[in-house]
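Summary of structural features
Below, each chain spelled out in residue letters.
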Amino acid sequence: MDVMGIANLSMSMANQNVMQEVGIAVLRNAMDHAEQTGEFMADMLVASAVPPVGFDGLGINIDIMM
């Protein structure tokens, strides 16, 4: 193997490592976004939850005006 072959192999391996690191960074970003979306959806479900059957709202509102 000549010097140019070794240099080309070295450049190819370096480019491959960079592309792998970029792929990992993009995947990490996508996972963070998915986690945030899941948390938002869970909060939305809790906020829009329907009260249990038989719950008539007693004690929720108190009129303190005289």
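In this report, we go over the structure that sits alongside the text. Each chain carries its own residue numbering, running from 1 in the direction its sequence is written. Per-residue local features of the predicted model are confined to residues with pLDDT of at least 70, and side-chain atom pairs are confined, for both listing and counting, to 80 or more; whole-chain, interface and lining totals are unaffected and use all residues. To get the side-chain values, all heavy atoms of the structure are used, and hydrogens and water are removed first.

Details of a nonpolar patch on the surface
Without a salt bridge and with relative accessible area above 30%, a residue can belong to a patch; like charges are then joined within 9 Å and nonpolar side chains (Val, Leu, Ile, Met, Phe, Trp, Tyr) within 5 Å. Residue-level accessible areas treat just the shown protein chains as cover; the underlying method is Shrake-Rupley with a 1.4 Å probe. For this document, the term salt bridge refers to a Lys or Arg side-chain nitrogen within 4 Å of an Asp or Glu carboxyl oxygen. A grouping of Val18, Val22 and Val26 is seen on the molecular surface, where their side chains present a nonpolar patch of about 250 Å² in accessible area. A run of H or I in DSSP becomes a helix once it reaches four residues, and a run of E becomes a strand once it reaches two; helices and strands are each numbered from the N terminus. For Val18, the location among the structural elements is in helix α1 (residues 3-47). A simple rule labels every residue: compare its accessible area, found with a 1.4 Å probe on the protein chains alone, to the largest value its type can have, and call it buried under 20%, exposed over 50%, or partly exposed in between. Looking at Val18, the relative accessible area reads 46%, which means it is partly exposed.

Considering a negative patch on the surface
His is not counted, nor are the chain ends; Lys and Arg add positive charge and Asp and Glu add negative charge. Charge placement uses NZ in Lys and CZ in Arg. For Asp and Glu, CG and CD serve respectively. Side chains of Asp32, Glu35, Glu39 and Asp43 sit close together on the surface and give a patch of like negative charge. Since its relative accessible area comes to 40%, Asp32 is described here as partly exposed.

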